[in-house]
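If you want the building blocks of each chain, they are given just below.
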Amino acid sequence: MTLTSISEKVNAGVPLSFEDGVALFHEPDLLKLGALANQVRERRYGDRTTFNRNLHINPTNLCVASCALCSFSRRSLEQPGAYTLSLSQAWDKLKTRLEAGDPVTEVHVVGGLSDSLPFDYYTDLLAGLKRRLPSLHIKAFSAVEIFHFHKLFQLQVREVLQHLRAAGLDSLPGGGAEIFASRVRQRICPNKCNAQEWLDVHRTAHQMGLRSNCTMLYGTIETIEERVEHLLRLRALQDETSGFQAFIPLAFHPENNSLAHLPAPSAVDDLRVCAVARLVLHNIPHIKAYWVSLGIKTAQTALWFGADDLDGTVQEEKIYHLAGSDAPQALAPAEIVHLIRAAGRTPVERDTLYSVVAEGEALPARACASPAGEPR
Ligand code: V47
């Protein structure tokens, strides 16, 4: 398999095979790989690059799963840093943003797998957020959490989703997929749902008309073959349901967790995963360069390696910052607009379902330029 023969398949709209995916990961010419991914990206979106205004709320870090990859979770309230937000504390996070005149369009809610919070806590949490801002899109609870609710509260996955939807749930985030191969899951996250269960939650959500995202955590102990198998399983579900909106490659961050002996993936790995994902996942519309995970400079570069979205303003991100991310805690909308323009792309503010919220002159501008009058 050469890049030329793969490129012919891409141009003819032929889905790439497992062998093609493996060959792309081994392709020595990163820039040629990136150029092919960029060609696909530009054919669909030109140089338009989306972002949204969002807020992360992590209601609790109490978690029964104890995943080796995680720096966020705590086993009990006695451990330093353990917390559970009261409902008013969680709602106030949104209220504070709104009172500061920041019109967030999305809240991203994910947390640990608590064995003590009642189901009402989660439904009340969503209902209270929606009450405070009825137009808010609530993207909440990874498939791992939904599966945990199914087990803990003895409800079918569909019933869990129905109750959450009635309370305000609009879509599911893509977290918790990690790497589907059971060899890897047994080492990095043995106590959470398996690949089939993760995929089944998304299948059910899609069948109910809910959209969701998907992810792959790379850079722990997985092989190239296991990465490709992961991407192909996502692609197969998308062929069936068309419910995934975006794929988010998640770079492993090794601080403060049981896998701290592993090196973090390099920027070359980051760009390669992004480009391969764009080429293999031809049926998933968007590839997000999540700047919190990649760092700002690599995320900007990823916009030339297949990515067409930078995620959002974020604010209050905990999972990556506890694992060593040195990205800022939040970006102002004007800052994201600037970063996209500085990367040579055209910024577009979107909502969660990728409808345009603002573009061109309607986008926020930075208050002041640097002394030389040039963008910093
Ligand atoms: O589920 C946890 C991963 C995910 C670490 O759907 C880690 O729009 C790296 O899913 N190093 C949470 N990764 C983030 C996530 C996400 C982010 C942005 C947008 C969306 C979306 C989803 O982060 C977790 C897990 O897979 N993770 N610990 C770590 N040490």
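For the structure itself, consult the block above.
Residues numbered from 1 in each chain as written. Predicted model: local features only at pLDDT ≥ 70, side-chain atom pairs only at ≥ 80, totals over all residues. Heavy atoms only, no water.

## A few points about the nonpolar core
The condition is simple: By convention a nonpolar core is built from buried Ala, Val, Leu, Ile, Met, Phe, Trp, Tyr and Cys residues, the set being connected through side-chain atoms within 4.5 Å. Buried residues are those whose accessible area, probed at 1.4 Å on protein chains only, stays under 20% of the maximum for their type, while exposed residues exceed 50% and partly exposed ones sit between those limits. Each helix is a run of DSSP H or I of at least 4 residues and each strand a run of E of at least 2, with the numbering of both proceeding from the N terminus. Contact criterion: two residues are considered in contact whenever any of their non-hydrogen atoms come within 4.5 Å of each other.
Counting 124 residues, the largest nonpolar core has Leu129, Leu164, Trp198 and Phe247 as the members making the most contacts within it. Among the elements that make up this core, the one with the highest residue count is helix H11 (residues 267-280) (8 residues). Apart from the residues lying within four places of it in its own chain, the contact partners of Phe247 are Cys214, Thr215, Met216, Leu231, Leu234, Ala277, Leu281, Ile284, His286, Ile287 and Lys288.

## Description of the environment of Arg187
Turning to its location among the elements, Arg187 is positioned in helix H8 (residues 182-188). Relative accessible area serves as the criterion here: at 54%, Arg187 is assigned to the exposed category. As for Arg187 and Leu259, which are separated by 72 residues in sequence, their C-alpha atoms are 9.8 Å apart. Contact partners of Arg187, with chain neighbours within four places excluded, come to Ala68 and Ile221.

## Some words on the packing of helix H1 (residues 3-11) against helix H2 (residues 18-26)
Put simply, the rule is: Fitting a line to C-alpha atoms yields each axis, with helices limited to the stretch in contact; the angle taken between N-to-C directions then spans 0 to 180 degrees. For classification, angles of less than 35 degrees are called roughly parallel, those exceeding 145 degrees roughly antiparallel, those between 65 and 115 degrees roughly perpendicular, and all remaining angles oblique. With the far helix as reference, a near helix turned anticlockwise by less than a right angle produces a left-handed crossing, and one turned clockwise produces a right-handed crossing. Residues are sorted three ways: Asp, Glu, Lys and Arg are charged, Ala, Val, Leu, Ile, Met, Phe, Trp, Tyr, Cys and Pro are nonpolar, and all the rest, Gly among them, are polar.
Put simply, H1 and H2 touch, their axes get as near as 10 Å, and they point 130° apart. With respect to H2, the element H1 is oriented oblique. The interaxial crossing formed by H1 with H2 has left-handed handedness. Where H1 approaches H2, its residues Leu3, Ile6 and Lys9 are matched on the opposing element by Asp20, Ala23 and Leu24. Here the residues of the contact of H1 with H2 are counted per class, giving 4 nonpolar, no polar and 2 charged.

## Remarks on empty space enclosed by the protein
Where empty space is left becomes clear once a probe the size of a water molecule has been rolled over the atoms. Test applied: Here a cavity denotes grid points, spaced 1 Å and computed from the protein atoms alone, that fit a 1.4 Å probe unable to get out, and a pocket denotes an open set having protein on both sides within 12 Å along at least 5 of 7 lines; residues with an atom within 4 Å of a point are the lining. Grid points are joined across faces, edges and corners, and a volume is the space filled by probe spheres set on the points.
For the structure on display, the rule yields 2 cavities of 30 Å³ or more. Elements that contribute at least two residues to the lining of the largest cavity include exactly helix H6 (143-152), strand E6 (211-218), strand E7 (244-251) and helix H14 (319-322). Classifying every residue of the lining of the largest cavity by side-chain character gives 19 nonpolar, 13 polar and 7 charged. One number sums up the size of the second largest cavity: a volume of about 50 Å³. Residue lining of the second largest cavity: Glu106, Lys139, Ser171, Leu172, Ser212, Asn213, Gln245, Ala246, Lys288, Arg350, Thr352 and Tyr354, and that is the complete set. Of all the secondary structure elements, the ones that give two or more residues to the lining of the second largest cavity are strand E5 (169-172), E6 and E7. Within the lining of the second largest cavity, the residues separate by chemical class into 3 nonpolar, 5 polar and 4 charged.

## Describing the packing of aromatic side chains
The cut-off we apply is this: Between rings of Phe, Tyr and Trp, where Trp is taken as its six-membered ring, a pair exists when centres lie within 6.5 Å; planes separated by under 30 degrees are stacked, by over 60 edge-to-face, and by other angles tilted. Sitting over a ring, as applied to charges here, requires NZ of Lys or CZ of Arg to be within 6 Å of the ring centre and within 35 degrees of the ring normal.
Across all of its chains, the model carries 11 aromatic pairs by this definition. Relative to Phe153, the ring of Phe149 has its centre 6.0 Å away and its plane inclined at 40°; by these criteria the two rings are tilted. Given the relative accessible area of 2%, Phe149 is considered buried. In this structure, Arg131 packs its charged tip against the face of Trp91, placed 5.7 Å from the ring centre. Over the ring of Tyr354 we find Arg350; its NZ or CZ atom is 4.2 Å from the centre of that ring.

## Brief notes about the site of the ligand
What counts, and what does not: Here, proximity means that at least one heavy atom of the residue falls within 4 Å of the molecule or strand. Definition of a polar contact: a pair of N or O atoms within 3.5 Å, with one able to donate and the other able to accept a hydrogen when the atoms are protein atoms, and with sequence-neighbouring residues admitted only if both atoms are side-chain atoms. For the area figures, the Shrake-Rupley method with a 1.4 Å probe applies, and any residue is considered shielded solely by the protein chains shown. Pocket occupancy is defined atom-wise: a molecule lies in a cavity or pocket when more than half of its atoms are within 2 Å of its grid points.
Around the ligand, the structure places 22 residues, and the nearest of them are Lys139, Gly174, Glu178, Lys288 and Tyr320. Interatomic distance of 2.6 Å between a side-chain N/O atom of Lys139 and an oxygen atom of the ligand. At a separation of 2.8 Å, an oxygen atom of the ligand approaches a polar backbone atom of Gly176. Summarising the interface, the protein chains cover 95% of the accessible area of the ligand, which totals 610 Å² for the free molecule. Among the detected pockets, the ligand sits in the largest cavity. Every element with two or more residues in the shell around the ligand is listed here: E6, E7 and H14. Broken down by element, the residue count for the shell around the ligand peaks at 3 residues, all from E7.

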